[in-house]
Amino acid sequence: IDREMKMVKLWLLIGIWLGALAVPAAPLFDMAAIRDASTLDVKVLKDWYPVRGEVMTRQKLITIRVGELVPGQEYRLPVRFIVPHDRKAKGFHLTGGHQLRNMQNSFPPRGLDVELLRGGVGLVFTVVQVLPASGQPELGRKAERRFIETLNPKHSIQYWGWPAALMRATTAAYAEKDHFEKGKVAMSGGSKNGASPSVALLQDDRLTALHASVSPIWPSPLRLCDERAWADLRKANERYAAKLRARGERVNERRIHNHAFLGGTFGPVYNRDALGAGHKWSDLQRLAKAMTPEVFVAPKLAELRKRGAEVLFHPGTHDFVAFDLAWGGKHYPEVPVYLRANSGHGIRKPHPAAERGEQNKAAFLLRHFFGGEGLLPPPRVESHADEDKVEIKVIFPEGAKAQSGQIWWMYDRGPDGSAAYLGELFPEDQSAPMKFQAKDNSWNFTLPREAGKKHIDFFSNHRKAIRRNGRAYNTYISSPYTRVKLRP
């Protein structure tokens, strides 16, 4: 009887477990609530008023209720609206990279903003920053604590809070019916202001374009908390530390092994804190898997294009947030990217051959709102390694005419997410112009092999000048970042 009772209990537990697996996870965002203007609890700080500048505008400053990061404590943010002085804005450019202290000030538009406003496109500003910088430090501490305890992404500022802020700002703008009418809504920004719009774009079909720099794009193994990938990363960092010591350099072992961002799923690494709170690697993996369709643009690119949304990423070649170029270039070569050589968070010395005067964002946004000539599409790459060289061919689709080709390469670069990946830049003498071949619309180069090297990384950049209203905009697209293994 005891044995039978134990079996019954076992099967009950298995049934409960299977039932739990069958229950779909609640969506990250309640989009009906996100779009509900009646819950914004708008507080007007400065009602519509004229602002003189290169173009005359009308502006308004409010604060809105985004929602609750922790139960019973609301998350509020300021929003500034800017529209042409003589008409409604049709759509708008939405940005979160603003500081709380500057939101009080009137904004005299300059540069690209002037062109957008002249064309009838509005501007919407909000504050996508860490909560202490948003004037809510205690909420930030409580939300972070609650997220680590529960691993519930709805308590996470990066998974839920910042994207919700952008979507709620969109709701607030469209509630101003005398000043905004429905149109395209493009977002731009870097770091958290590249990542947060990525999430918002996936959730909210009112949003139509994203230009993002130094922010996550694809779900690589480190981001998915693959234990083997993390073990390999530790070994790679140990080898790099030993290499630095052998060269007589000072080594900060703690930073090498515990970088705040390298390897993070969608921002700062929370793995150690979560494990310390009693969670297991399987819990981290489950969360990362659940977040993949919610936050990473690359797997959803076809769906976004189908609905007419456009994206362009500037991940940087040495960025600690966009740390997985080799994996992404292999698995998602169709994602449009521009790689400025030796760029990323904190990089102070760009490559001498890096492009100057690149104007991708302006050209991308003007094209998105007003039509006209587009940027180059991503090319495809073919490569072949033999005993003494690597033949490279970068091929554009028929009709896509690049005006230049420049290649960069590096031997035995450290693996994605490693300290070596950040620490070792593309050498100054390892860049060269490529040769154009008209018969297949390709750019070509032969890379020399160096004895004893295990692999070679390369990418190329290609220019297209786009003319609008008598002005030329120099735009660039990169080939997919490619790693070629070299046989002995």
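Note that the structure is predicted; figures quoted are calculated from it, not measured.

Cut-offs applied
- Residues numbered from 1 in each chain as written.
- Predicted model: local features only at pLDDT ≥ 70, side-chain atom pairs only at ≥ 80, totals over all residues.
- Heavy atoms only, no water.
- Salt bridge = Lys/Arg side-chain N within 4 Å of Asp/Glu carboxyl O.
- Buried < 20%, exposed > 50% of the residue type's maximum accessible area, 1.4 Å probe, protein only.
- Pairing = 2+ DSSP bridges.
- Helix = DSSP H or I, 4+ residues; strand = E, 2+ residues; numbered from the N terminus.
- Axes fitted to C-alpha atoms, helices over the stretch in contact; angles between N-to-C directions.
- Contact = heavy atoms within 4.5 Å.
- Phe/Tyr/Trp six-rings, centres within 6.5 Å; stacked < 30°, edge-to-face > 60°.
- Polar contact = N/O pair within 3.5 Å; in protein donor to acceptor, adjacent residues only side chain to side chain.

**A word on the pattern of salt bridges**
For the coordinates displayed, the defined rule picks out 28 salt bridges. Asp-204 is the salt-bridge partner of Arg-206, the closest N and O atoms lying 2.7 Å from each other. Just as Arg-206 is buried, Asp-204 falls in that class too. Residue Lys-464 is joined to Glu-373 by a salt bridge in which the shortest nitrogen-to-oxygen separation is 3.3 Å.

**Examining the sheet that holds strand E7 (residues 209-213)**
Reading across the sheet, the 8 strands line up as E1-E2-E3-E5-E4-E6-E7-E8 and stay open at both edges, with mixed pairing between neighbours. Lying at the two open borders of the sheet, with one neighbouring strand each, are strand E1 (43-51) and strand E8 (310-314). Here the strands of the sheet are splayed against their neighbours by 20° on average, with no regard to which way each runs. Here E7 pairs with E8 via 5 bridges, running parallel. If you follow Leu-210 over to E8, its bridge partner there is Val-311. Against the sheet, helix H6 (residues 192-203) contacts strand E6 (180-190), E7 and E8, and its axis sits at roughly 140° relative to E6.

**A short note on the packing of aromatic side chains**
Within this structure, the stated rule accounts for 21 aromatic pairs. Ring geometry for Phe-81 versus Phe-180: centroids 5.7 Å apart, planes at 70°, classification edge-to-face. Taken together, the residues span a long stretch of sequence, with Phe-81 in strand E3 (residues 73-84) and Phe-180 in strand E6 at a distance of 99 residues. With respect to class, Phe-81 is no different from Phe-180; both count as buried. Between the aromatic rings of Trp-230 and Trp-281, the centroid separation amounts to 6.2 Å while the plane-to-plane angle is 50°, which identifies the pairing as tilted. Taken together, the residues span a long stretch of sequence, with Trp-230 in helix H7 (residues 227-246) and Trp-281 in helix H10 (residues 281-295) at a distance of 51 residues. Look at Trp-230 and you get buried, because its relative accessible area is 17%. In this structure Trp-281 comes out as partly exposed when scored by relative accessible area, which is 22%. In this structure an aromatic cluster arises from ring pairing among Trp-48, Phe-81, Phe-92, Tyr-174 and Phe-180.

**What to know about the sheet that holds strand E14 (residues 442-448)**
If you walk across this open sheet you meet the 4 strands as E9-E10-E14-E13, and the pairing is antiparallel. Of all the strands in the sheet, the pair left with one neighbour each is strand E9 (380-385) and strand E13 (435-437). Between one strand axis and the next, the sheet turns by 25° as a mean value, whatever way the strands run.

**A closer look at the side chain of Ser-460**
On the secondary structure map, Ser-460 appears in strand E15 (residues 455-468). In this structure the side chain of Ser-460 is engaged in a polar contact, spanning 2.8 Å, whose partner is the side chain of His-462. If we skip the residues at most four places from it in the chain, Ser-460 touches Val-394, Gln-406, Ile-407, Met-434, Ile-477, Ser-478 and Ser-479.

**Looking at the environment of Lys-393**
Of note, Lys-393 is situated in strand E10 (residues 389-395). Residue Lys-393 is classed as buried on the basis of its relative accessible area of 18%. Filtering out sequence-adjacent residues up to four positions away, Lys-393 remains in contact with Arg-380, Val-381, Glu-382, Gln-437, Asp-440, Ser-442, Trp-443 and Asn-444. Engagement of the side chain of Lys-393 in a polar contact is seen with the side chain of Asp-440, the distance being 3.0 Å. For Lys-393, the side chain forms a polar contact with the side chain of Ser-442, separated by 3.4 Å.

**Considering the side chain of His-318**
The topology assignment puts His-318 in the loop between E8 and helix H12 (325-331). On the basis of relative accessibility, which here comes to 1%, the residue His-318 falls in the buried class. A polar contact of 3.2 Å, which involves the side chain of His-318, links it to the side chain of Arg-413. Of the polar contacts made by the side chain of His-318, one reaches the backbone oxygen of Glu-424; its length is 2.9 Å. In contact with His-318, not counting residues within four places along its chain, are Asn-342, Ser-343, Gly-344, Ile-347, Met-410, Arg-413, Tyr-421, Leu-422, Glu-424, Leu-425 and Phe-426.

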